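# Chains, contacts and geometry: an overview
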Amino acid sequence: MARPVWSGTVTFGLVSLPVQMFTATDSHTIRFHQLQRGTSDRVRNKRVNERTGEEVPYDEIVKAYDAGDEYVLVEPDELDDIAPGRSKSVEITGFVDLADVEPIFFDKTYYLGPKGKEYTKIYALLEKALSEADRAGIATFVMRNHQYLVALRAEDGLLTLHTLHWADEIRDPRKEIDDLPKQTKVTDRELKMARQLVDTLHIEWNPEEFHDTYQEQVAALIEAKRTGESVEKAEPPAESTNVVDLMDALQASVDRAKKPSGGGKKAASDDVRPPTHISDAAAKRRARGGGSQGRKKSARGRSLDTLTKAELYERATEAGVPGRSGMNRDELVDALRDGRRHKATS
C-alpha cells in the first residue's frame, strides 16, 4: 500500500473529517544522469558552500530571505508558530459549482482516504453530497511550509483534492502573446467548413487510448544505441497552412474524413487519420490480438502507397535496404520499388 504524503483534518461547518492524502499521479519521464563527456564519471548536484566548496550537512542548512543588505534567517519552528495547526487542517471556505473553476487553475491531484474505519460514514456522506451537487469545496491548507489553494471534489466514489494556482499566478495571455487574434475576420463559409471538420473528426473521450509516445521513442532510442541497432527517424512535422490555401486545406480535410468506402457509406475509421497517439493505441490493441505476424499478413497484399512508415520500414528491413534508418516515407517507397524492379530484371 502507498504511504500517505500528508495527514490532517478536513473541516466544513462544524463537521471534522480526519483524512490521509495520497499521490494520485505518476511521472513516467525517462531521466538521464549527467556525465563528463569521454568518461563514465557522473556530474552531481551537491549541497556545497559556494565560498569554501565544502558539502554542507542537512542539519546545518537554514532558510534565509535576502533582504538586500542582509539575510534574514528563519527557523522551521518559527514558521509553525505563525500558523499553528494550519499544516494539519483543510478548512473549506465554501462550495462552488465545478463548471465555474477554469481548467487553467488546476495543478496537481491527490487522493483522500478516511483516517480510520470509524470515519468512513462521514467520508461517504461528504462524497455523495458533493457528487449529487456537482460542486467542489474550496479550501486552503499548509503542507511542507507552503500554503495551497485547493478544490475538494467527489470522483468515482472517493474524495480527491486538487491543488489550484493562485489568481495572481495566472498570466494574462494578451500580455504574454503579441499576435493573438483580435478582430480577425473569418467568412461564414470558412467557419462552416471548419465546424464541419470538427464535427467529422469527433471522437469519444477515452484516456486509455492516449499514451506518451515520445517516452516510448526515447526508450527505443536508448535500447537501439545499447544493442548497436539502427534508429528509425520520425516523419518531419507538417508544413504550416498558408492563408491562401486555407479553404483548400479545410475542404480536402473534410473530403478525406468523408471519403466513401465500398458502397458509398462513410469511411471506416482507418480512412480518417486520427492523431498519432490514437493510431498507436489502436495498433497496440491489434498487436495484442494478432501479434506482429498478423500485422505483417494484413500488410502483405497492400500496395506500398497505402502502408504506414512503420510498415514500410519493416519491409525495408526484410529486404535489406541499405540506409533505411535515414529515409523518410517517400524514400522508403522508392527504395522498395527499385528493389522490386531489380529483382524483376535479374
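Just so it is clear, the model here is predicted, and its values are computed rather than measured.

## Considering the packing of aromatic side chains
In this description, an aromatic ring pair is defined by two values, namely the gap between the centres and the angle between the planes. Applying the stated criterion to the full structure yields three aromatic pairs. Here Trp205 and Phe210 contribute two aromatic rings whose centre-to-centre distance is 5.5 Å and whose plane-to-plane angle is 45 degrees, an arrangement assigned as tilted. Phe210 gets classed as partly exposed once you look at its relative accessible area, which sits at 29%. Here the aromatic residues Trp6, Phe141 and Tyr148 are joined through ring pairs into a cluster of three or more.

## Description of the pairing of strand 8 (residues 146-155)
Side chains on a regular strand alternate between the two faces of the sheet. Pairing geometry for strand 7 (residues 135-143) and strand 8, over seven bridges, is antiparallel. The residue bridging Val142 from the neighbouring strand is Gln147, located in strand 8. In sequence, strand 7 turns back onto strand 8 through a hairpin of two residues, with Arg144 there showing a positive phi of about 55 degrees. Pairing between strand 8 and strand 9 (residues 158-164): seven bridges, direction antiparallel. Residue Ala154 lies in a different strand from strand 9, and its bridge partner there is Leu159. The turn linking strand 8 back onto strand 9 is made up of two residues, and Asp156 within it adopts a positive phi angle of 50 degrees.

## With respect to the pattern of salt bridges
Per the counting criterion, the structure on display carries four salt bridges. With a closest N to O distance of 2.9 Å, Arg135 and Asp97 form a salt bridge. Taken together, the residues span a long stretch of sequence, with Arg135 in strand 7 and Asp97 in strand 5 (residues 89-97) at a distance of 38 residues. Overall, the relative accessible area of 33% leaves Asp97 in the partly exposed class. One salt bridge connects Glu223 with Arg226, and the closest N-O pair in it is separated by 2.8 Å.

Definitions and cut-offs
Residues numbered from 1 in each chain as written. Predicted model: local features only at pLDDT ≥ 70, side-chain atom pairs only at ≥ 80, totals over all residues. Heavy atoms only, no water. Phe/Tyr/Trp six-rings, centres within 6.5 Å; stacked < 30°, edge-to-face > 60°. Buried < 20%, exposed > 50% of the residue type's maximum accessible area, 1.4 Å probe, protein only. Pairing = 2+ DSSP bridges. Helix = DSSP H or I, 4+ residues; strand = E, 2+ residues; numbered from the N terminus. Salt bridge = Lys/Arg side-chain N within 4 Å of Asp/Glu carboxyl O.

So, to be careful, I would describe these as geometric facts and stop short of saying anything about function.
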